[in-house]
Amino acid sequence: QVQLVESGGGLVQAGGSLRLSCAVSGSILSIKAMGWYRQAPGKQRELVAEITSRDRTNYADSVKGRFTISRDNAKNTVYLQMNSLKREDTAVYYCNAAVIQRTTWSWGDYWGQGTQVTVSS
């Protein structure tokens, strides 16, 4: 089994910053891509940022220049540094990881439970 545990969400004023963390644990042989998605009320889940095992990154246009994704392979952890937050960034943020399991050598797509980010004006 593979588990993803997120932390770092909360309430922040517009213009402020938050840092999200997501630790991956369990039967892990390798972690391929890792990413952050978000879902606002009444909207579909959308990609925020992703990072490959070779540290190639991709960002949604709405967060470019404000958010930075990074990963610590030694800790199996992915981070999302969010600066200059806007009210429209309010959403539940989900961590995602593509993991090759040690026991089965098969890869699977795993999700965290989500962490709430609320930006107030």
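Residues numbered from 1 in each chain as written. Predicted model: local features only at pLDDT ≥ 70, side-chain atom pairs only at ≥ 80, totals over all residues. Heavy atoms only, no water.

A.B. asks: Could you give an account of the overall build of the chain, with specific residues and numbers?
C.D. replies: A count of helices and strands for the chain gives 0 helices and 11 strands. Going from N to C terminus, the chain has its helices and strands arranged as β-β-β-β-β-β-β-β-β-β-β. Taken over C-alpha atoms, the radius of gyration comes to 14 Å for the chain, in line with the 14 Å a tight globule of 121 residues would show. For the chain, the spread of C-alpha atoms along the three principal axes comes to 50 × 25 × 25 Å. Looking at the chain as a whole, 42% of its 121 residues qualify as buried. Of all intrachain contacts in the chain linking residues separated by at least 6 positions in sequence, the fraction that spans at least 24 positions is 56%. Entry remark: accessible area of the chain is about 6,600 Å², with carbon and sulfur atoms responsible for 47%. Computed over 14 positive and 9 negative side-chain charges, the separation of the two mean positions in the chain equals 2 Å. (Helix = DSSP H or I, 4+ residues; strand = E, 2+ residues; numbered from the N terminus. Rg over C-alpha atoms; globule rule 2.2 N^0.38 Å. Buried < 20%, exposed > 50% of the residue type's maximum accessible area, 1.4 Å probe, protein only. Contact = heavy atoms within 4.5 Å. Areas by Shrake-Rupley, 256 points an atom, 1.4 Å probe, with all protein chains shown as cover. Lys, Arg positive; Asp, Glu negative; His and termini not counted. Charge placed at Lys NZ, Arg CZ, Asp CG, Glu CD.)

A.B. asks: Any details on the nonpolar core? Residues and values, ideally.
C.D. replies: V24, W36, L80, M82 and Y93 are the most contacted members of the largest nonpolar core, which totals 32 residues. It is strand β9 (residues 91–101) that provides the largest number of residues to this core, a total of 5 residues. Apart from the residues within four sequence positions on either side, Y93 is in contact with E6, L20, W36, Y37, R38, V48, F67, L80, M82, G114, T115 and V117. (Core = buried A, V, L, I, M, F, W, Y, C linked by side-chain atoms within 4.5 Å.)

A.B. asks: Before we move on, can you summarise the sheet that holds strand β1 (residues 2–7) with the specific residues and values?
C.D. replies: An order of β1-β3-β8-β7 is seen for the 4 strands of this open sheet, with the pairing classed as antiparallel. Both edges of this open sheet fall to β1 and β7 (67–72), since each of them pairs with a single strand only. Adjacent strand axes in the sheet meet at a mean angle of 15°, parallel and antiparallel pairs treated alike. One ladder, built from 6 bridges, connects β7 with strand β8 (residues 77–82); its direction is antiparallel. Residue pairing for β8: S70 is matched across the bridge by Y79. (Pairing = 2+ DSSP bridges. Axes fitted to C-alpha atoms, helices over the stretch in contact; angles between N-to-C directions.)

A.B. asks: Which residues make up the environment of R38, and what values go with them?
C.D. replies: Structurally, R38 is set in strand β4 (residues 28–39). Expressed as a C-alpha distance, the spacing of R38 and C95, which sit 57 residues apart in the sequence, is 8.7 Å. Residues contacting R38, with those up to four places away along its chain left out, are Q44, R45, E46, V48, S62, V63, F67, E88, D89, A91, V92 and Y93. Within the structure, R38 has its side chain in polar contact with the side chain of S62 (distance 3.3 Å). A distance of 2.9 Å separates the side chain of R38 from the side chain of D89, its partner in a polar contact. (Polar contact = N/O pair within 3.5 Å; in protein donor to acceptor, adjacent residues only side chain to side chain.)

A.B. asks: Would you mind going over the pattern of salt bridges in detail, with residue names and values included?
C.D. replies: Side chains that differ in charge, positive against negative, can pair when their charged atoms come close. If you walk through the whole model with that rule in mind, you get 4 salt bridges. Put simply, D61 and K64 hold a salt bridge, and the shortest N to O gap is 3.1 Å. In this structure, D89 and R66 form a salt bridge, with 2.8 Å as the shortest nitrogen-oxygen distance. A residue pair is termed long-range when its members are at least 10 positions apart, and D89 in the loop between β8 and β9 and R66 in the loop between β6 (57–59) and β7 qualify at 23 residues. Classification of R66 by relative accessible area gives buried; the value is 10%. Within this structure, R38, E46, R66 and D89 form a network of salt bridges that share partners. (Salt bridge = Lys/Arg side-chain N within 4 Å of Asp/Glu carboxyl O.)

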